[in-house]
Every structure is written in C-alpha cells, then in structure tokens.
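Here's the letter readout for the chains.
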Amino acid sequence: MTAWSQRPATALRSIVPDGDWSSIDRRLLDSFIAQATRESAATDRAATPWPQPLFSQYSAYPLIGERLSYETAVGDRLARLSRAVVLAAASAAGVEVAAPLDPLAEVADGLWLLAEQTTWCWAAHDDAFRRFGTVTPSLDEPFLDLGAGEAVAAVAWAIAVLGDELDERYPGLTDRLQAEAEHRVFRPFLDRDDWHWLGLDVDPDGEPVLLHNWSPWILGNTIAAAAVLCSPDRAELVIDRAVDGIDRYLAGLPQDGAIDEGWEYWWNGAARALEAVETLDRLAGGRLALDGLDLLPESLRFPLRMQLSADWYVNVADARARGDRTLPFDLLHRWGRRLELPDVVAYATAHRDPDAPVATDRAGLGRLVRVCLDREWAVADARSATLPLPASVDLPSIGMSLAREHDGRSDGLAVSLKGGHNDENHNHNDLGSVIVALDGVPAVIDPGRPTYDARTFGPHRYDIWCMRSDWHSVPAPRGLLQQHGPEFAARDRRGGDHGAQASWSMDLAAAYGLAEHEHWRRTATLDRTASRVVIEDVWTLDDPAGTAITLMLWGDVTEVDQATLRLHRPVAGVRDVMLQHDADEVTMEVVRLDDAMMRSSWGETITRVRLLPRPDADRLLVTVEAAR
C-alpha cells in the first residue's frame with residue numbers, strides 16, 4: 001500500500017474509530033449488564049470465576065486430538081473481557097450502566113489473566129509438540145498463530161479504549177501487557193521468516209504460495225496491536241512488515257472476488273484484510289488511497305453471491321450450509337457505503353434485526369468496538385432491505401457457478417456446480433459437486449465439515465468421511481475416489497447464463513487420475529422455461545464396471561418408482577422435490593449425524609443415494625423439479 005509508506009512520519013493516531021459511546025445500542029448494553037449480573041450472582045463476586053483454560057484442555061490436542069474444549073475456554077475468557085470493555089467505555093461516556101461489578105476492575109482482571117496465561121497460542125496450532133516432543137508450549141519460542149493474534153488484539157483494543165483510566169487506577173498494568181506482547185507476538189513476528197502465513201514461501205515453480213485466512217487475520221491484529229503497544233519506532237517496523245503481508249494477500253485475490261475457502265471463511269480472510277485496511281486508514285488520518293484495490297467491490301460481493309436464501313448458502317470447502325446472522329455484517333455495510341455499492345449495503349442490511357443487539361461478544365474486541373461506534377449500522381433495518389440474490393454467478397477463479405430460476409428471489413430452483421482443483425484451501429475432494437435448492441432450501445447437498453480435530457488439517461484429512469468424493473454429489477468412475485493434489489483438477493470448464501437456460505460443464509477425468517484418452521463430462525443446467533434442473537454425466541471409459549453417481553440428499557426420501565425419488569425436507573413452506581433418473585439400480589443409505597457442527601445444518605440425518613448405470617451405458621441423466 002503505497003499510501004501507507006508515504007504517510008507523514010508522525011505519531012500514529014488512535015485505532016479507535018470516531019464515534020460516540022454515549023449512543024451505544026441499548027439492547028447490546030443491557031445484554032452485557034444481564035450477563036455481568038449472572039456472573040456476579042449479585043452478592044458474591046467469586047460466584048462465577050473467570051473462565052480458566054486448563055492444562056488438561058490444552059494437552060488434549062497432542063494427546064487425543066481434541067481441540068474444542070481449550071479454544072472454548074479461551075474464547076469465553078476473551079468474551080468476558082470484551083463485555084467488560086464495552087461496559088467500562090459506556091460508563092466513562094456517561095451512560096447509565098447499572099452493572100453489579102465495577103467494569104474497569106473487570107477489564108483489569110481480564111487483562112491480568114491474559115498476562116498470566118501460559119500461552120496465547122491455540123493448542124491445535126502450537127509447533128512445540130513437533131519440535132520438542134512435549135505437550136506443553138515453549139515459553140522461550142512462542143508460536144504466533146490465530147489465537148496469539150486474537151489475544152494481543154484484545155489487549156490492544158482494551159488499552160486503546162480505556163488506557164488512560166487503566167493507567168490512572170492500575171499503574172504498571174499496561175507496561176506488563178506491553179512486555180508480554182513484545183515477547184509473545186512482536187519479537188517472533190520480526191525475527192522469523194518461516195511463518196507460513198507471511199506469504200514468503202514459493203512453490204517448486206517459483207510461484208508464491210496462495211495465502212489463506214491466517215495471513216490477514218494475524219497481520220490485521222498485529223497492525224492494531226503494534227500501533228497501541230509498541231514504541232513509535234518499533235511500531236513502524238512491525239506495521240511495515242505486516243503491510244507487506246497484507247499486500248501479498250490482496251495481490252493473490254482473484255479479480256472475480258472469490259476465495260476458495262468458502263463463503264463462511266470470507267469473514268476471516270478477505271474481511272480481515274479489509275479490517276486491516278480500516279485500521280491503516282485510521283492510523284494514516286483517513287488518507288489511505290484505495291485506487292489500487294479495484295478488486296474490492298467484487299470481493300465484497302462474494303458472500304452475497306453464494307447465498308441461496310436468507311438462511312442458506314452454497315457451502316463448498318469448509319463453509320456451513322446455514323447462514324450465521326451474528327457475523328460482522330456491519331463491515332460489509334460500512335464498505336458498501338464507502339464504495340457506493342447498493343447491493344452490498346442491501347445484503348448487509350437484510351441481516352440487521354432492529355429488535356436484536358447490534359452484535360455479540362464473540363466476534364473479538366476490535367470488531368465489537370467498531371460495531372458499537374457505527375451509528376449508521378445501529379439504525380439499519382432489515383425490513384427496508386431486499387436480498388440481492390443475483391440470477392446467476394460465474395466465478396472462474398475457483399470454477400464455481402450458480403444459477404437460480406428467478407432474479408432477486410429465492411423461490412424456485414437453484415443449482416451450483418463446483419470446479420477448481422483438489423489442493424485448494426480447506427479442500428474437500430469434491431470436483432463436479434452439485435448443490436440443488438428449491439425455494440431457497442438445499443435438497444441435493446454438500447454435507448459440509450465436522451468439528452475440527454487433529455485430523456482436519458493433517459495427513460489424515462481425507463480419512464474423514466465427509467472430505468471424500470464418495471460423500472459428495474459427484475460421480476465415481478469405476479468406483480474410483482477423487483484424489484488430493486493440484487493435478488487432480490476439473491478441466492475444460494465452459495458455459496454461461498443464456499437467459500432461458502444457464503448451463504456449465506467440465507471434464508472430471510483428471511480428478512480421478514483416468515487415462516488420457518478417457519473422459520467424464522458433467523453438465524449442470526437450469527432450464528428456467530421448464531422449471532427444471534438437469535444433471536448429465538457422459539463418459540468414455542475403458543472399463544465402466546463399478547461406476548456409480550452419488551447424490552447427497554437432505555430430507556425424507558421416498559422411492560416413488562424405479563426411476564423417481566420424492567424428497568420431503570423438514571422446512572415449513574417449501575415444496576417437495578422430485579428427482580428422476582435413468583439408472584439401472586438405486587441404493588439408499590440414511591446416515592445418522594453425531595457431530596454438532598454438521599447437525600447445526602442438517603439435524604439428525606442425511607441420505608446418500610447411489611445411482612448405478614446400466615453396464616453398457618455411457619451416460620446418465622438426473623432431473624430435479626418441484627413436486628406438482
């Protein structure tokens with residue numbers, strides 16, 4: 001960012017946006033006061049101790065691969081600190097805060113606990129297990145990960161908001177926190193070049209390795225922290241290096257705005273980069289030029305382009321199928337206002353419930369401070385907004401397409417087809433996967449991901465059933481599974497939206513390592529005139545024995561006849577789905593879900609249907625329509 005390097009070499013401004021704490025959303029404030037009341041039990045301050053991450057929780061990851069309990073305890077601690085900061089800031093601004101505990105004392109307690117916390121790194125990311133063979137973190141060589149970034153940012157935002165009050169009442173506390181931040185974050189950040197999220201790695205062909213959400217997430221938090229916690233000279237060093245990393249991340253984003261990690265990870269990838277830009281703009285006194293960031297409008301549109309309806313999304317990679325209204329839509333609202341993008345503003349506004357608090361305590365303190373001071377977002381009202389829901393989306397950078405029956409409406413059919421390659425960030429081996437929705441609710445689905453554990457990002461990722469191609473709506477030539485790696489890719493992608501029909505196709509032979517003369521072309525077509533989705537597979541195989549095509553379905557499946565399935569989904573007001581096929585044989589398996597993450601989208605069960613073509617067939621056709 002040239003504008004950052006050309007700013008005047010003067011003291012950095014506060015990272016806190018302009019705004020008035022006295023106009024804070026009252027519903028948010030009341031919810032935080034209610035939580036503080038429960039924690040104090042009105043009479044006994046010790047009735048609800050601060051959340052305490054335990055060694056047994058930390059060591060559970062290297063010992064048994066379980067990570068959720070430790071990260072939950074750390075998250076609960078940061079959430080309580082966030083609530084206390086907001087209550088203290090509102091109180092200092094003259095707002096009536098009838099909290100049973102002294103908010104500033106609560107902030108000090110939370111900060112002290114962070115200073116005393118053995119590590120800020122999440123156990124699942126720490127390299128001490130690999131490097132030293134221990135189940136304890138290294139005190140001398142702390143690992144700088146997402147958890148450390150979140151912790152140092154919480155410290156920085158608390159001090160940025162309340163530093164004068166904290167210093168006056170608790171002299172020395174901020175000095176202690178600055179020392180911890182230097183040791184745990186700034187020194188490792190400056191001293192090591194091997195952080196994979198810095199973007200300094202190159203592949204065997206000398207090309208930069210494509211960055212993922214760790215990069216802007218850590219770098220953005222580091223920028224905010226350095227501005228608050230470092231001396232001016234030290235801050236310059238840290239921020240300049242972080243800006244280089246943000247530049248590399250932004251340079252790697254494609255012009256169509258897509259990210260391969262899925263719509264949900266946009267919020268912790270591209271959105272984190274935008275927050276870093278906001279912080280830099282604030283530090284530079286509002287003089288940060290955005291002329292070179294012409295991809296911003298397309299990036300801002302990525303989440304809305306993956307939306308099927310108010311509550312459902314195209315959930316490729318590790319994204320969830322159901323939407324989350326607690327995400328920081330205020331960020332999109334601000335950037336939509338700034339860049340004059342009415343569709344982005346409308347999408348964000350549609351998620352602002354005026355009867356609910358403006359935010360939650362779980363997003364991180366920086367995001368919470370920003371939303372508390374954004375008055376325009378506070379008064380936004382979903383009742384005045386209409387979801388954009390574009391008629392079609394074509395994202396060649398990730399080989400993703402989506403078409404819906406009606407522009408701007410969720411009723412009717414919608415179909416997506418996924419291309420790309422099997423070495424993407426948060427990859428599932430799912431090339432050629434289709435998702436079909438009717439009335440905005442998925443029918444042919446992508447099962448999504450389970451709760452993260454030790455296997456998720458290691459060599460055993462594809463031992464997890466829902467990461468494999470036989471549990472996605474894709475074919476299995478000769479019964480083969482897709483393999484992991486960049487060479488296993490969808491080829492010869494073509495198609496587009498032609499009004500009455502939108503259709504895309506691709507050759508999937510390479511995804512399975514088929515011989516060069518073998519082919520498998522999948523085509524997904526939305527026929528708007530006939531109100532029908534057609535999925536056609538055509539193949540040339542030396543030996544088709546064992547070939548099958550999988551459909552993952554959500555709802556109760558009834559076999560009407562040998563060629564017809566009826567699907568009833570457990571959602572009020574949506575029509576049943578009719579699937580017709582020309583397979584020779586059909587098998588069905590109801591899968592019981594025991595993972596909380598997957599159940600949050602699908603409930604207790606999903607169904608896997610396997611379509612087996614005739615032995616002499618070289619094509620198979622599936623049509624999807626609304627029940628008449």
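It should be emphasised that the depicted structure is a prediction, and the values quoted were computed from it without experimental measurement. (Residues numbered from 1 in each chain as written. Predicted model: local features only at pLDDT ≥ 70, side-chain atom pairs only at ≥ 80, totals over all residues. Heavy atoms only, no water.)

1. Regarding the environment of Met552
Summarising the element assignment, Met552 is placed in strand E15 (residues 548-553). Owing to a relative accessible area of 0%, Met552 belongs among the buried residues under this scheme. Once the C-alpha coordinates of Met552 and Ala359 are considered, the two residues, 193 residues apart in sequence, prove to be 35 Å apart. (Helix = DSSP H or I, 4+ residues; strand = E, 2+ residues; numbered from the N terminus. Buried < 20%, exposed > 50% of the residue type's maximum accessible area, 1.4 Å probe, protein only.)

2. Looking at the pairing of strand E5 (residues 413-418)
In terms of residue burial, E5 counts as a mostly covered element, since six of its six residues are buried. Burial of E5 is two-sided: the residues Leu413, Val415 and Leu417 facing one way and the residues Ala414, Ser416 and Lys418 facing the other way are all buried. Summarising the sheet, strand E4 (residues 400-404) and E5 pair through five bridges and their orientation is antiparallel. Following the sheet pairing, Leu402 is matched in E5 by Ser416. Bridge count for E5 against strand E7 (residues 434-438) is five bridges, and the pairing is antiparallel. Bridge assignment links Val415 to a residue of E7, and that residue is Val436. (Pairing = 2+ DSSP bridges.)

3. Quick notes on unusual backbone geometry
Even without being glycine, Glu340 reaches a positive phi, approximately 55°. The residue Glu340 is located in the loop between helix H14 (329-339) and helix H15 (342-349) in this model. Its identity as a non-glycine residue notwithstanding, Ser531 has a phi of 55°, on the positive side. Counting through the fold element by element, Ser531 comes out in the loop between strand E13 (519-527) and strand E14 (532-540).

4. A word on the packing of aromatic side chains
Applying the stated rule across the entire model yields 15 aromatic pairs. Consider the rings of Trp465 and Trp471, whose centres lie 5.0 Å apart with planes at 75°: the pair is edge-to-face. Note on Trp465: relative accessible area 26%, which makes it partly exposed. The interplanar angle of 15° and the centroid separation of 4.5 Å between the aromatic rings of Trp520 and Trp539 together place this pair among those described as stacked. Here Trp520 is found in strand E13, whereas its partner Trp539 is found in strand E14, with 19 residues between them in sequence. The exposure class of Trp539 is buried, given its relative accessible area of 4%. Following the ring pairs from residue to residue traces out a cluster consisting of Phe143, Phe189, Trp195 and Trp197. One cation-aromatic arrangement involves Arg184 over Trp120; the distance from NZ or CZ to the ring centre is 4.5 Å. The ring of Phe189 has Arg241 lying over it, and the distance from NZ or CZ to the ring centre is 5.7 Å. (Phe/Tyr/Trp six-rings, centres within 6.5 Å; stacked < 30°, edge-to-face > 60°. Lys NZ or Arg CZ within 6 Å of the ring centre and 35° of its normal.)

5. Examining the pairing of strand E8 (residues 441-444)
Inspection of the sheet shows E7 paired to E8 by three bridges, in the antiparallel sense. Bridge assignment links Leu438 to a residue of E8, and that residue is Val441. Hairpin connection of E7 to E8: two residues between the antiparallel strands, including Asp439 at a positive phi of 55°.

6. Focus on the environment of Gln562
One can find Gln562 in the loop between strand E16 (556-561) and strand E17 (564-568). Since its relative accessible area comes to 58%, Gln562 is described here as exposed. Non-local contacts of Gln562, meaning those with residues more than four positions away in its chain, are made with His581, Asp584 and Val586. (Contact = heavy atoms within 4.5 Å.)

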